[in-house]
Amino acid sequence: MRALALMLAFLGGTTAQAAQRIYEGEEAAALRCANMMAMTGVTLNRAGLMPEREKDVLIGISILILERHVGGNWTEKKRAMEQMRDRRTVDATLEDYQRNAPLCLSRFPIN
């Protein structure tokens, strides 16, 4: 439940003072993986294709990837996640999940 609350706060609106940070390389890849996990869980749950509990697991994974593999403060990470979300279609994100979820978990371990 803590993970869900953090992700909901994370996916909410940004403040006008949010710092502009550019992520590249491994951090950008970790952001893409975190976005893919969170958006897949939320999208499939809203469509009735994934139970709440499984959605919460994907959101928790997303938060752990962000905490362990992406630098910066939560405001910077939140802004980057919002930009990632806004640039990618839902279909592209779901296709990413089908192709890359196991790779993301091995590349950005959460254990």
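Since the structure is predicted, the reported quantities are computational estimates derived from the model, not experimental observations.

Reading the values: rules and limits
Per chain, residues are indexed from 1 in the order of the written sequence. Local features in this predicted model are restricted to residues whose pLDDT is 70 or higher, and side-chain atom pairs enter the listing and the counts only when it is 80 or higher, whereas totals over whole chains, interfaces and linings include all residues. Side-chain descriptors were evaluated using all non-hydrogen atoms of the structure, hydrogens and water having been removed beforehand. Structural elements are reduced to axes, namely lines fitted to C-alpha atoms, with helices fitted over the stretch in contact, and the angle between N-to-C directions of any two is expressed from 0 to 180 degrees. Segments assigned H or I by DSSP are reported as helices when at least four residues long, segments assigned E as strands when at least two residues long, and all are numbered from the N terminus. Angles below 35 degrees are treated as roughly parallel, those above 145 as roughly antiparallel, those between 65 and 115 as roughly perpendicular, and all remaining angles as oblique. Helix crossings are classified by the rotation of the near helix relative to the far one: an anticlockwise turn of less than a right angle makes the crossing left-handed, while a clockwise turn makes it right-handed. Whether two residues touch is decided by their heavy atoms; if any such pair falls within 4.5 Å, the residues are in contact. Polar here means any residue other than Ala, Val, Leu, Ile, Met, Phe, Trp, Tyr, Cys and Pro, which are nonpolar, and Asp, Glu, Lys and Arg, which are charged; Gly is therefore polar. By definition here, a salt bridge exists when the distance from a side-chain nitrogen of Lys or Arg to a carboxyl oxygen of Asp or Glu is within 4 Å.

(A) Spatial organisation of the packing of helix 2 (residues 25–46) against helix 4 (residues 74–87). Put simply, helix 2 and helix 4 touch, their axes get as near as 10 Å, and they point 70° apart. In this view, helix 2 runs roughly perpendicular relative to helix 4, as classed from their interaxial angle. Note that helix 2 runs across helix 4; the crossing there is right-handed. Of the residues in helix 4, those touching helix 2 at Ala-28, Leu-31, Arg-32, Ala-34, Asn-35 and Met-39 are Lys-77, Ala-80, Met-81, Met-84 and Arg-85. Across the contact of helix 2 with helix 4, the residue classes tally to 7 nonpolar, 1 polar and 3 charged.

(B) Examining the pattern of salt bridges more closely. Overall, the coordinates contain 9 salt bridges when judged by the stated rule. Across the salt bridge formed by Glu-52 and Lys-55, the nearest N and O atoms sit 2.8 Å from each other. You can see Glu-52 and its partner Lys-55 sitting in helix 3 (residues 52–69), 3 residues apart, about one turn around the helix. For Arg-99, the salt bridge goes to Asp-96, with nearest N and O atoms at 3.2 Å. Of this pair, Arg-99 and Asp-96 both sit in helix 5 (residues 90–107), 3 residues apart, which is roughly one turn of the helix. Three or more residues are tied together by salt bridges with common partners; here these are Arg-32, Arg-88, Asp-96 and Arg-99.

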